[in-house]
Amino acid sequence: MSKSLHPLKKIGIMTLSHTSNMNYGAMLQCFALCSTIESLGFDPYVIDWKFRKRQTLSFDDIACVSKVNYFYLCFRRFLGIKLKFILERIASCLGEKPFKIFSNLFIPYFPTKITRKNISDLNNQLDAFIVGSDQVWRYSSCPDLNAFFLDFADDAHRKISYAASFGIDQWNEAPEDVTKRVRELIGRFDALSVRESSGLDICHSVFGVQAQFVLDPTLLLSETDYKPIYESESDADLNDKDYVACMVLDARKSAGICDSLSKMIGIPAISIRGKDINLLTLTFIRYNSVARWLNYIRHARFVVTDSYHCGIFCILFKKNFALLTNKKRGVSRMDSFLTLVGQRNRLFQGLDDLLKSEIWHQEIDYIQVETKLNVVREKSREFLINAFN
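Described in the following lines is the structure provided in the data block. Just so it is clear, the structure is predicted and the values come from calculations on it, not from any experiment.

What counts, and at which threshold
Here the residue numbering is sequential within each chain, running from 1 through the sequence in written order. Given that this is a predicted model, residues contribute local features only at a pLDDT of at least 70 and side-chain atom pairs are listed and counted only at 80 or more, while totals for whole chains, interfaces and linings are drawn from all residues. Hydrogens and water molecules were not included; the side-chain quantities draw on all heavy atoms of the structure. When accessible area is computed with a 1.4 Å probe and restricted to protein chains, residues below 20% of their type maximum are described as buried, those above 50% as exposed, and intermediate ones as partly exposed. Each helix corresponds to a stretch of at least 4 residues labelled H or I by DSSP, and each strand to a stretch of at least 2 residues labelled E; elements are numbered beginning at the N terminus. For two strands to count as paired, DSSP must find a minimum of two bridges between them. Between Lys or Arg on one side and Asp or Glu on the other, a salt bridge is scored when a side-chain nitrogen of the former is within 4 Å of a carboxyl oxygen of the latter. Grid points spaced at 1 Å and placed over the protein atoms alone form the basis of the search, with a cavity being a set where a 1.4 Å probe fits but cannot get out and a pocket an open set showing protein on both sides within 12 Å along at least five of seven lines. Lining residues have an atom within 4 Å of a point. Grid points are joined across faces, edges and corners, and a volume is the space filled by probe spheres set on the points. In the scheme used here, Gly and all other residues not listed as nonpolar or charged are polar, with Ala, Val, Leu, Ile, Met, Phe, Trp, Tyr, Cys and Pro taken as nonpolar and Asp, Glu, Lys and Arg as charged. Among the buried residues, those of types Ala, Val, Leu, Ile, Met, Phe, Trp, Tyr and Cys that are joined through side-chain atoms within 4.5 Å form a nonpolar core. Note on geometry: axes are lines fitted to C-alpha atoms, helical ones only across the stretch in contact, with angles between N-to-C directions running from 0 to 180 degrees. Any two residues whose heavy atoms approach within 4.5 Å are treated as being in contact. Two cysteine sulfur atoms make up a disulfide if the distance between them is within 2.5 Å. What counts as a ring pair is set by centres within 6.5 Å for rings of Phe, Tyr and Trp (its six-membered ring), and what kind of pair is set by the plane angle: stacked under 30 degrees, edge-to-face over 60, tilted for all other angles.

### Comments concerning the pairing of strand S4 (residues 158-161)
- What you see with S4 is no split at all: Arg158 and Ile160 on one side and Lys159 and Ser161 on the other are buried throughout.
- Sheet analysis places strand S3 (residues 128-131) next to S4, joined by four bridges and oriented parallel. By the bridge assignment for S4, Ala128 is matched with Arg158.

This is the structure:
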């Protein structure tokens, strides 16, 4: 445990906020955490990290019988990397722009680009570190698990997790040596919180530490706190529209879900993520701006989504909605969230279950939802206040 001898002021945040992820929830949770920390009297700085895994030839590639084959494989790998890079840049130009605009306006990034070589220098520039929210502790997708368990932070700096997520119900993706290292690192934290009840169990049973359940940072703010974002663009064209908003991350299912709901409810269905653009044999998305995405949710009659954060904004904007499970992206966070607000009946295994339920006819008692949320909101804010003090 750290014992800081100086008052905390500058708070470094490790989270998944890269615009290249093109993820509305990631950007908005980052905005919400920064806003909350700032409201408590501190200066938040999102650490602009860059951790990249080096691309190498596999053992099978180099275990070939002739030098000709080896150099051919090297050349093929080189072309593949270059082609992938070119296509990624094209996709970035098409899709990343709205997220860059948002981050430039609303996210306070630390001015220095951070890599593995200079990350320890942050100890000389920031007063405390916080990791979260989102799936920062999922082994299979985290770009540098040690960094996201704040291995670079020295003992003089407070180490805090806020609403960190393991992404899955069980810690079963990492090898034993990684688990052992994480057990050491998590034990150095001064204040530990997670956003799912399953995360509490993982912390206790796997790592031998006690954590507190807190809300995702997006839920710490009210609808009006997001006004500077959604009022930054005109929504006049949506005022008189009656539609179903579809935010389905699985592109293969999105069109079918939209069509089925449109026929069932009898109004148009709009895919609110953006517009598909075909390039050669690949399909990219020209994403809507963050403001437009929020406004689509705000004005919809009904929202269907497999996105955790889209579900959260349905609650914040008091919309009628349904959540579809997506096992690949993790179900525990949806289950935990909907159970908390008493809306577990709005979680569906698939489209057929949703259509049979006709849940769009069932109104939500948002007075009751707000009452439940406010209790946990207060506890979540108290966690942060105590963590910094």
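Now that the structure is up, let's keep going.
### Points about the pattern of salt bridges
- Per the counting criterion, the structure on display carries 15 salt bridges.
- The residue Arg195 makes a salt bridge to Glu196 at a minimum N-O spacing of 2.6 Å. Each member of the pair Arg195 and Glu196 is classed as buried.
- Residue Glu223 pairs with Arg298 through a salt bridge whose shortest N-O separation is 4.0 Å. One end of the pair, Glu223, is in the loop between strand S6 (212-213) and helix H8 (227-230); the other, Arg298, is in helix H10 (residues 290-299), and 75 residues separate them in sequence.

### Structural notes on empty space enclosed by the protein
- Evaluated as defined, the whole model comprises two cavities of 30 Å³ or more.
- As a volume, the largest cavity reaches approximately 50 Å³.
- If you go around the largest cavity, the residues you meet are Arg195, Phe213, Val214, Leu215, Asp216, Leu219, Tyr308, Arg333, Ser336, Phe337 and Leu340.
- No other element matches the four residues that helix H12 (residues 332-340) contributes to the lining of the largest cavity.
- The class makeup of the residues in the lining of the largest cavity is seven nonpolar, one polar and three charged.
- For the second largest cavity, the calculated volume is near 30 Å³.
- Surrounding the second largest cavity, Trp137, Arg138, Tyr139, Phe166, Ile168, Gln170, Trp171, Asn172 and Glu173 form its lining.
- Taken together, the residues that form the lining of the second largest cavity break down as five nonpolar, two polar and two charged.

### With respect to the nonpolar core
- Core analysis: the biggest nonpolar cluster contains 72 residues, and Tyr162, Tyr226 and Trp293 have the highest contact counts within it.
- Ranked by residue count, the leading element in this core is helix H1 (residues 24-39), at nine residues.
- With 38 residues, the next largest nonpolar core counts Phe189, Leu192, Val194 and Ala211 among its residues.

### Observations concerning the sheet that holds strand S2 (residues 43-46)
- On the basis of which strands lie adjacent, the open sheet formed by four strands has the order S2-S1-S3-S4 and parallel pairing. Taken across any chain shown, the strands that pair with only one partner, and hence form the sheet edges, are S2 and S4. On average, adjacent strands in this sheet sit at an angle of 25 degrees to one another, irrespective of strand direction.
- Relative to the sheet, H1 contacts strand S1 (10-14), S2 and S3, its axis offset from that of S2 by approximately 155 degrees.
- Lying on the sheet, helix H14 (residues 366-388) is in contact with S1, S3 and S4; it crosses S4 at an angle near 165 degrees.

### Considering the layout of surface pockets
- Estimates place the volume of the second largest pocket at around 180 Å³.
- In this structure, the second largest pocket is lined by Val248, Asp250, Lys253, Ile257, Asp306, Leu324, Thr325, Asn326, Lys327, Gln349, Gly350 and Leu351.

### Focus on the environment of Pro175
- Mapped onto the elements of the fold, Pro175 is located in the loop between S4 and helix H6 (176-186).
- Counting along the chain gives 36 residues from Pro175 to Tyr139, while the straight-line C-alpha distance between them is 9.5 Å.

### Quick look at the state of the cysteines
- This model, assessed by the stated rule, comprises zero disulfides.
- Its sulfur unpaired, Cys34 is 4.4 Å from the next cysteine sulfur, which belongs to Cys30.

### Looking at the packing of aromatic side chains
- Per the counting criterion, the structure on display carries 26 aromatic pairs.
- Summarising the aromatic geometry, the rings of Trp137 and Phe166 are spaced 5.4 Å apart at their centres and angled 45 degrees between planes, so their arrangement reads as tilted. With Trp137 in the loop between S3 and helix H5 (145-148) and Phe166 in the loop between S4 and H6, this residue pair connects regions lying 29 residues apart in the sequence.
- Residue Phe166 is classed as buried on the basis of its relative accessible area, which comes to 3%.
- Taking the centre distance of 5.1 Å and the plane angle of 75 degrees together, the rings of Trp171 and Phe207 count as edge-to-face.

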